[in-house]
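# Structural overview
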Amino acid sequence: MSPLGAMQLAVALPAAASLPIAVTGRFPNLREAVTLITALAVLVLVGSEVPGVLAGDRPEITLIEFLPGLALMFRLEPLGMIFALVASFLWLVTSIYSIGYMRGHHEQNQTRFYVCFAISIASALGVAFAGNMLTLFTAYEVLSISTYPLVTHAGTEEARRAGRVYLGILLGTSIGFQLLAILWTWNITGSLDFREGGLLAGQIDGPAAAVLLALYVFGIGKAAVMPFHRWLPAAMVAPTPVSALLHAVAVVKSGVFAILKVCVYLFGLDFLTSTGASDWLLYFAGATILVGSLVAMRKDNLKARLAYSTISQLSYIVAGALLASSLAATGAAMHIAMHAFGKITLFFCAGAILVAAHKTEISQMDGLGRAMPLTFAAFFIGSLSIIGLPPTGGTWSKFYLAMGALEAGQFWMLIVLMVSSVLNIVYLLPIPIRAFLARPAEDVPDKVKEAPLPCLIAIGVTSLGCLVLFFYPDLLYQLARLVGAGAG
Amino acid sequence: MGNVFANDLPALQVVVPLLSAPLCLVLARWPRLVWALCTAVTWAALAIAVSLLKSVLADGPISYAMGGWAAPWGIEYRIDVVNAYVALIVTGIASVVLPYAYTSAALYIRDDRIPLFYALMMLCFTGLLGMTVTGDAFNVFVFLEISSLSMYGLISLGQDRRALTAAFQYLVMGTIGGTFVLIGIGFLYVVTGTLNMADLAARLPEVTQLRTLHTAFAFLVVGIGLKLAMFPLHLWLPNAYAYAPSPATVFIAATATKVAVYILLRFVFTVIGPEIAYQDLPFGEIAMVLAVLGLLTGSFVAIFQRNIKRMLAYSSVAQIGYILLGISLATVMGLEASLLHLFNHALMKGALFMAMGCFFYRIRSSRIEDLAGIGRRMPWTFAAFVIGGLSLIGVPLTVGFVSKWYLVLASLQEGYWALAVLILVGSLLAVIYVWRVVEAAWFATPSARAAEAREAPLAMLIPMWILVLANLYFGINTDLTVGVAELAAGTLMRGLP
C-alpha cells in the first residue's frame, strides 16, 4: 500500500463506514462487527505508515484545489503520526468498550451513536493528517458538529443546555478567533502550509505576533485554555464512551494538537523564542493547570472531576508548545499519547462503575473496590500515569516537559508542574484508596460484581498500555523527538 | 437553422419565458400541461444561460441588436461575464423552483388559479432575465416593472390575509423605488441624450461635474436600494418573504435581490464609473456604513423572530449587507466576494426556504413553537435545514465558508480590521438564530401539529436536496464560482471592455 493511499483510506474508511453502520442498525451484532472491522483496518493503515515516517518520509497528497493556491491537503509528519496512532488505536478499544457499556446501560438510539462516532473519528484523523491550516480548520469544524449529536445523546433538557454551551464555545471561538487568525496568516504570508521551521518568521513583528498567537490559542477552543474551558465539563452529560474517546482523546487532543502544530509549523519554535510572543500566554496555560486541578479537587461527581483534570492536563501540552523549546515540544507531543491512555482508562472505569454499581458520586464509592477490584486497580494505574509516577508512561512526558521548562528558562513553570502533580495526587489517589480501604457504604454489594466483559477488556488494554509505555516508550519518543527537532 | 438560433440566444433568453406567460393562460384548462411547459421553459432558459456563459468565457462579450436596430438607437442586449453569471443564477434557481412548485403551489392556490400563478412566475422570470441581459438603461426600468408587478401578484397569493398587506406594502415601496430609478435614468438621458449603457459610459466623462449627474446617481442608488432591500430600505422584505406562497418565496428570495444587486453594480461601475461614485461622491462610505448596520441589525433581529420564514427574511437583510460590504470596498477582491456571495446566498437561502416550505406543507405553520419536535418526524427536511443553516453560518465545506473567506480577506487586504471582526460577529449571530431552530425542531416535545406530520412528498424533497447538495458541491469545488466571479469582478473594475 502506498503511503498516499493509506492516508486517504484511513480518513475515508470510517466516514464511509457510517453508511453500513446506519443500514445494519437493526442487527446490533452486525453493526458492531462493521465498527470493529473498520477500526481495525484503520489502525493497520495508520500503523503501516510508521516506518516510513521514522525514516524521514513526509508523504503528502492534495485532495482538491479549494481556492487558487490553497488546497485541502494531507501531509503526514511525526506529530500527526502520534495523534493518528493514538486516535485509531483507542477508537478500536473504545468500540469494544461501547458494546459492553451501551448494551449494559440500555442506551437509546445506538445506531445514531455509532454513526456519529465513526464520522468523528474520520474528522479527528483529518485533523491529524492535515497538511495546512485550512484542512485542519475544516476537519476541526466537522469534528465539532459531528460530536454535537453525541454530546446531546440523552436528549434531556440538561443535555440540550450542555450542547448549547459545547457548540457555542467551540464554534464561537473557532469562527471568532481562529478563522480570523487563519485569514490574517494567509493575508501576510500567502500560504497556510505547515512547514518545518515555521512560516511566519520574519513576516510579522513581535507585538502583532503575540496577538496572532493569542487568536490561535484561544481560537482553538478544544484545547480548553481558560477562560474558554466551560464546554468540557458541560459535555460530560454524554454517554461515558463518548466522554472517554472524544473528551480524553479525539476532541481535546485535536485542540492541543492544533496548538502544537501552530507553534511548531506555523510560527516555528525559534521564531517564538526570539520574539517572546508566547511568554504572556504561558501565564494562561499555567493558571489553567493550577485552577483546573483546584476545581477538580472540589468535584464530587467522578466525571466532573475527570473533566477538570483534563482541562488541567491539556494545558500541560499547551504550555509545552508555548515554552517553545525543543525538549518541551517533545514532552508535549509525548503527553498527547500518555495523557490519552491514562485519562481514557479513568473514564472507562467511571463508566464501568456507573454500569455495574450505578454510582456517579465519589463519596458513594467507599469500599466499592471490594466489589470491583479490577476496575479500581486499573483506576489506580491510570491515576499514576496522570500524576506522572513510575511505573507508568506519564512519567516520561512530565519529565520532558519539566526539562523543557528549564531549557526555556521558565523556572516558575517547573514549579507549576510540580505543584500540579501534588494536586493530582490529592484529587485522584484517594478515590481508589478509599474504594479499597474505607468501610463499605451500606448499599455496596458483598460479592464481586464487575462491569460487562467488553468493558473489562478495554479497561485492561488501556491500563496495560499505561504500563507498557513506561517500559517501551521508544517508538513514541522517536516520533516526538522529531517534532522537537523542528526547532532546529 | 441551429446557427440562426445560436446567434439569437441573448434575445431568446428573454423571449422564451415571455411567450410562455400568455401560453399559460391559453392552456389554462390543463394545469399540469401549464406546469410542464413552464418547467421546460426554465430548463431551456438554463441551457441558454449556460451556453451564453460558455461563449462569453471563450470569445468575450456579445452584443445583440434587438430587431436589427443598431445601438445606440436600437435596444442592445449586451452579455459579458457579469450578467451571464447572474443569468446563470436566476435560471438555475428557477429550474429547481418550478419542479418544487408542482406540489407546493397547490397548497396555496385554488386549482383554477394555478395557471395564473405560473403565468406570474414566468413574467417575473422574464423581468429578472430582461434586467440582467439588457444593455439599455430604459429597458432596465421596463423589465424592473414587469418583474415587480408580477411579484406583487405572487406575494398576494399567500395563504392568509397578511399576504395582502405584505404585497401592498411592497407595492408602495417598490413603486417608489421604480419611480426613483426612472427619474435617475431620465436625468442621465437629459445630460447625455442617450439610453444605451455603453454609450452612456462613453459620454458621461464629459459631464462629470454636473450636479444633474450626481442627482441622477443618488436617485438610482436609492431606487435600486429599495429593490435590493438595502438597510434601512428593507422594511418591505420580511413580510413579503414571510407571507408569500413557499415556491414564490424561494424564487424571489434567491433571485430578485440578486438581480437588483447586479443592476446596482452595472450602474455604479459600468455606467457612472467608479471614479465618480467612489471619489467624487461618497458612495463607498455610505454603502459600507449601511452594509454594516444591515448585517448587524438583520442578524440581531432575526434572533428574536418566532416566525421562521420571517427570521430567514431578516437573515437575508443581513446577507445583503455582506454583499454590499464587498461592493463598498471597491476592490477586485471585494467585488469578487460580493459576486460569489450572490451565487452562494442564492443556493443557501433557496435550500432553507424550500425546507421551510416543506415544513409548512405538512404543519401549515412556520412558527417555532409549531416546529417543535418536527425534526424527528421529517428527518430529510430537517437535515436539509441543518445543512442550509451551516452554510448560512459559514462552516467549511459549504458555500457560505467560501463567501466569508473572500469577504474577510478583502477587508483585511484594505486594512479594515474592524470590518473583518464584524463579518465574523455576523456569523456568530447566525449560529444563534439557526441553532435555536435546530434545537427546537430536534429536542423539544413535538407540538400537536408536528406529532401528526410525516416526511414531505418526494416532489418537494428532490429539488430541495439538489440545492442542498449544490451547497456542498460548490463549497468544495470552487472552480466555477471563484473563476467566473474573479473574471466578472475584473470586468467591472476595468469599466466596459
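Since the structure is predicted, the reported quantities are computational estimates derived from the model, not experimental observations.

What counts, and at which threshold
- Residues numbered from 1 in each chain as written.
- Chains lettered and ligands numbered in written order.
- Predicted model: local features only at pLDDT ≥ 70, side-chain atom pairs only at ≥ 80, totals over all residues.
- Helix = DSSP H or I, 4+ residues; strand = E, 2+ residues; numbered from the N terminus.
- Rg over C-alpha atoms; globule rule 2.2 N^0.38 Å.
- Contact = placed C-beta atoms within 7 Å.
- Buried ≥ 20, exposed ≤ 12 C-beta atoms within 10 Å, placed from the backbone.
- Pairing = 2+ DSSP bridges.
- Nonpolar A, V, L, I, M, F, W, Y, C, P; charged D, E, K, R; others polar.
- Expected span 1.5 Å × (residues − 1).
- Axes fitted to C-alpha atoms, helices over the stretch in contact; angles between N-to-C directions.
- Parallel < 35°, antiparallel > 145°, perpendicular 65-115°, else oblique.
- Left-handed = near helix turned anticlockwise from the far one by under 90°.
- Core = buried A, V, L, I, M, F, W, Y, C linked by C-beta atoms within 7 Å.

## Here we look at the overall build of chain A
- Broken down by element type, chain A carries 20 helices and two strands.
- A compact globule built from 488 residues would reach a C-alpha radius of gyration of about 23 Å, and chain A, at 21 Å, matches this within 12%.
- Its C-alpha atoms put chain A at 70 × 50 × 45 Å along the principal axes.
- A sequence separation of at least 24 residues applies to 81% of the contacts in chain A between residues at least 6 apart.

## Topic: the overall build of chain B
- Broken down by element type, chain B carries 22 helices and two strands.
- Rg of the C-alpha trace for chain B: 21 Å, near the compact-globule value of 23 Å for 497 residues, within the 12% margin.
- Seen through its principal axes, chain B has C-alpha atoms that stretch 70 × 55 × 40 Å.
- The buried share of chain B, reckoned over its 497 residues, is 62%.
- For chain B, the proportion of contacts with a sequence separation of at least 24, taken over those separated by at least 6, is 79%.

## Concerning the pairing of strand β1 (residues 60-67) of chain A
Residues and elements named next belong to chain A.
- When β1 meets strand β2 (residues 70-75), the two strands line up antiparallel, connected through six bridges. Counted as the bridge partner of Thr-62 is Met-73 from β2.
- The turn joining β1 and β2, which pair antiparallel and follow one another in sequence, is formed by two residues; a positive phi near 80° is taken by Gly-69.

## Focus on the interface of chain A and chain B
- Between chain A and chain B, the residue contacts involve 21 residues of the former and 21 residues of the latter.
- Counting residues per element, the side of chain A that touches chain B draws most heavily on helix α7 (residues 157-189) of chain A, at 11 residues.
- For the side of chain A that touches chain B, the class distribution of residues is 14 nonpolar, five polar and two charged.

## Observations regarding helix α21 (residues 458-476) of chain B
All names here are of chain B.
- Taking 1.5 Å per residue, 19 residues should reach 27 Å; α21 reaches 26 Å between its end C-alpha atoms and fits that length.
- If you check which residues of α21 are buried, you get Met-460, Leu-461, Pro-463, Met-464, Leu-467, Val-468, Ala-470, Asn-471, Phe-474 and Gly-475.
- Here the buried face of α21 lies against α4 (81-108), α15 (332-363), α17 (379-393), α18 (399-413) and α22 (479-493).

## Considering the packing of helix α2 (residues 28-47) of chain A against helix α4 (residues 78-104) of chain A
Residue and element names in this part refer to chain A.
- Closest axis-to-axis distance for the α2/α4 pair is 9 Å, and the angle between their directions is 160°. On the basis of their axis angle, the class for α2 and α4 is roughly antiparallel. Read as a crossing pair, α2 and α4 show a hand that is left-handed. Between α2 and α4, the contacting residues are Glu-32, Thr-35, Leu-36, Ala-39, Leu-40, Val-42, Leu-43 and Val-46 on the first element and Ala-84, Leu-85, Ser-88, Phe-89, Trp-91, Leu-92, Ser-95 and Ile-99 on the second.

## Details of the packing of helix α10 (residues 236-243) of chain B against helix α14 (residues 308-329) of chain B
All names here are of chain B.
- Their axes nearest at 8 Å, the elements α10 and α14 cross at an angle of 140°. In this view, α10 runs oblique relative to α14, as classed from their interaxial angle. The element α10 and its partner α14 pack so that their crossing is right-handed. Across the interface between the two elements, Leu-237, Pro-238, Tyr-241 and Ala-242 from α10 touch Lys-309, Arg-310, Ala-313, Tyr-314, Ser-316 and Val-317 from α14.
- In terms of residue class, the contact of α10 with α14 is made up of seven nonpolar, one polar and two charged.

## Regarding unusual backbone geometry
- Along the chain, Pro-390 of chain A connects to Pro-391 of chain A via a cis peptide bond; the corresponding omega equals 5°.
- Assignment of secondary structure puts Pro-391 of chain A in the loop between α15 (373-387) and α16 (394-407).
- Across the junction of Phe-231 of chain B and Pro-232 of chain B, the peptide omega takes the value 0°, indicating a cis bond.
- Looking at the element boundaries, Pro-232 of chain B is found in the loop between α9 (211-227) and α10.
- A positive phi angle is found at Ala-229 of chain B, which is not glycine, with a value near 60°.
- Within the secondary structure, Ala-229 of chain B sits in the loop between α9 and α10.
- Note on Ala-229 of chain B: 29 C-beta atoms within 10 Å, which makes it buried.

## A short note on the environment of Leu-352 of chain B
Residue and element names in this part refer to chain B.
- Among the structural elements, Leu-352 can be located in helix α15.
- The exposure class of Leu-352 is buried, given the 32 C-beta atoms found within 10 Å.
- Non-local contacts of Leu-352, meaning those with residues more than four positions away in its chain, are made with Leu-312, Phe-385, Gly-388, Gly-389 and Leu-392.

## Things to note about the environment of Cys-263 of chain A
Residues and elements named next belong to chain A.
- If you trace the backbone, Cys-263 turns up in helix α10 (residues 240-267).
- The buried category is assigned to Cys-263, around which 30 C-beta atoms lie within 10 Å.
- When the C-alpha atoms of Cys-263 and Leu-213 are compared, they prove to be 8.2 Å apart, with 50 residues separating the residues in sequence.

## Structural notes on α22 of chain B
- In this model α22 of chain B runs 21 Å from its N-terminal to its C-terminal C-alpha over 15 residues, within 8% of the 21 Å that 1.5 Å per residue would give.
- All buried positions along α22 of chain B are accounted for by Thr-481, Val-482, Val-484, Ala-485, Ala-488, Ala-489, Thr-491 and Leu-492 of chain B.
- Check the buried side of α22 of chain B and you find it contacts β1 of chain A together with α4, α11 (246-272), α15 and α21 of chain B.

## Focus on the nonpolar core
- Counting residues in each nonpolar core, the largest one holds 416 residues, and the members touching the most others are Ile-82, Ala-87, Ile-259 and Val-318 of chain A together with Ile-155 of chain B.
- No other element matches helix α14 (residues 326-357) of chain A, which puts 22 residues into this core.
- Setting aside residues up to four positions removed in sequence, Val-318 of chain A forms contacts with Val-217, Ala-223, Val-225, Val-256, Ile-259 and Ala-285 of chain A.

## Focus: the environment of Asp-199 of chain B
Residue and element names in this part refer to chain B.
- Note on placement: Asp-199 falls in helix α8 (residues 197-203).
- Spatially, the C-alpha atom of Asp-199 lies 22 Å from that of Val-14, the residues being 185 residues apart in sequence.
- Contact partners of Asp-199, with chain neighbours within four places excluded, come to Ala-71, Pro-72 and Thr-194.

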